[in-house]
Amino acid sequence: MLKSRIKYNTASFVTSAPDITKLPADTGIEVAFAGRSNAGKSSALNALTDQKLARTSKTPGRTQLINTFELADVDDMRLIDLPGYGFAKVPIEMKKKWQKSLGEYLQKRQSLKGIVILMDIRHPLKDLDRDLINWAIGSEIPVLALLTKADKLKQGARKAQVLQVRRELSTLDGDITVHAFSSLKGTGLPEVAKKLDEWFLGPIIAIPPQEPEQTPESDAS
């Protein structure tokens, strides 16, 4: 069972919205999941919540709406599944519509407090990925970059790819964390839960132990 301060398995579907005007009230805290249409975004959400929360498909580009999921054990906190981007085999008008709804959400949604950007570990940091990361930095939104499908690489190649992406993103002046991730093997899942806990609830502040009070010795009689 996933150890986290929030019970992500309590997430439940709220609504699918074509644009931000149809979303729940812009209050509380939202964490959004974004990525190219074949990056494994829905699979990552399902792994985090330990349920078939987001619809997966072998056909990229099926997520066309902004999907909202509510966390039941905390007040006014939500997970957002954003439309996938970068898939070429869709009509240009549909692509423009998706990009518009994605852009409006990212620019105008005040409750957005963190964004998980998913990239295939074998093909990370494509132009649209970089654009999204740069936008987040400019808007002072923290980023968790997940290099998905990590099970497709051997351990040495996986580590090398993570280090390379960390090295490239370290040149940017932003709050960016990079981890390898596999929804199939559970790789990186504890790190995802820990980061989302911080975004939703704040970091755990360690309180130093207090020294016991000194009591005066009783006078010898």
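We now turn to the structure provided with this report.

Conventions used here
Residues numbered from 1 in each chain as written. Predicted model: local features only at pLDDT ≥ 70, side-chain atom pairs only at ≥ 80, totals over all residues. Heavy atoms only, no water. Helix = DSSP H or I, 4+ residues; strand = E, 2+ residues; numbered from the N terminus. Buried < 20%, exposed > 50% of the residue type's maximum accessible area, 1.4 Å probe, protein only. Contact = heavy atoms within 4.5 Å. Salt bridge = Lys/Arg side-chain N within 4 Å of Asp/Glu carboxyl O. Pairing = 2+ DSSP bridges. Expected span 1.5 Å × (residues − 1). Arc of directions from axis to C-beta. Core = buried A, V, L, I, M, F, W, Y, C linked by side-chain atoms within 4.5 Å. Polar contact = N/O pair within 3.5 Å; in protein donor to acceptor, adjacent residues only side chain to side chain.

## Focus on the overall build of the chain
Of the regular secondary structure elements, the chain holds 5 helices and 7 strands. When the helices and strands of the chain are read in sequence order from the N terminus, they spell out β-β-α-β-β-α-β-α-β-α-β-α. Taking all 221 residues of the chain together, the buried fraction comes to 43%. Considering only intrachain contacts with a sequence separation of at least 6, the fraction spanning at least 24 residues in the chain is 75%.

## What about the pattern of salt bridges?
By the definition in use, this model includes 9 salt bridges. When the shortest N-O distance is used, the salt bridge between R109 and D26 registers 3.6 Å. Remark: D26 occurs in the loop between β1 (12-17) and β2 (29-35) and R109 occurs in the loop between α2 (92-108) and β5 (112-120); sequence separation between them is 83 residues. Between K149 and D120 there is a salt bridge; the shortest N-O distance is 3.9 Å. One end of the pair, K149, is in the loop between β6 (143-148) and α4 (155-169); the other, D120, is in strand β5, and 29 residues separate them in sequence. Classification of K149 by relative accessible area gives partly exposed; the value is 26%. Take D120: its relative accessible area is 9%, and that puts it in the buried class. Linked by salt bridges that have partners in common, D26, E30, D76, R78 and R109 make up one network.

## Quick word on the pairing of β2
β2 sits mainly inside the fold: 7 of its 7 residues count as buried. Alternating residues of β2 divide into I29, V31, F33 and G35 and E30, A32 and A34, and every residue in both groups is buried. Sheet topology places β2 next to strand β4 (residues 77-81); 5 bridges connect them, and they run parallel. Looking at the pairing, F33 lines up with D81 of β4. Of the pairings in the sheet, the one linking β2 to β5 comprises 6 bridges and is parallel in character. By the bridge assignment for β5, E30 is matched with L112.

## Some thoughts on α4
Counted at 1.5 Å a residue, the expected span for α4 with its 15 residues is 21 Å, and the 21 Å between its end C-alpha atoms agrees. The set of residues buried in α4 consists of V162, V165 and L169. In an axial view of α4, the angular spread of the buried residues amounts to 65°, which keeps them on one side of the axis. Facing away from the buried side of α4, by more than 90 degrees, are the exposed residues G156 and K159. Of the surrounding elements, those touching the buried residues of α4 are α3 (127-138), β6 and β7 (176-180).

## Description of the nonpolar core
Ranked by internal contacts, the top residues of the largest apolar core, which has 33 residues, are L82, Y105, L106, I115, I117, L169 and V178. Elements that contribute at least two residues to this core include exactly β2, α2, β5, α3, β6, α4 and β7. Setting aside anything within four residues of it in sequence, one finds Y105 in contact with I20, L23, E30, A32, I66, I80, L82 and L112. Counting residues in hydrophobic clusters, the runner-up holds 28 residues, among them A11, A54, L118 and V192.

## Thoughts on helix α5 (residues 189-201)
Since one α-helical turn is 3.6 residues long, residues separated by three or four positions face the same way. Between its terminal C-alpha atoms α5 stretches 18 Å, which fits the 18 Å expected from 13 residues at 1.5 Å a residue. Along α5, the positions that sit buried rather than exposed are L189, V192, A193, K195, L196, D197, W199 and F200. On its buried face, α5 sits against β2, α1 (41-49), β4, β5, β6 and β7. With its phi angle positive at about 90°, G202 sits one or two positions after the end of α5.

## Notes on the environment of S170
In this structure, S170 sits in the loop between α4 and β7. With relative accessibility at 55%, the residue S170 sits in the exposed group. A distance of 2.7 Å separates the side chain of S170 from the backbone oxygen of R167, its partner in a polar contact.

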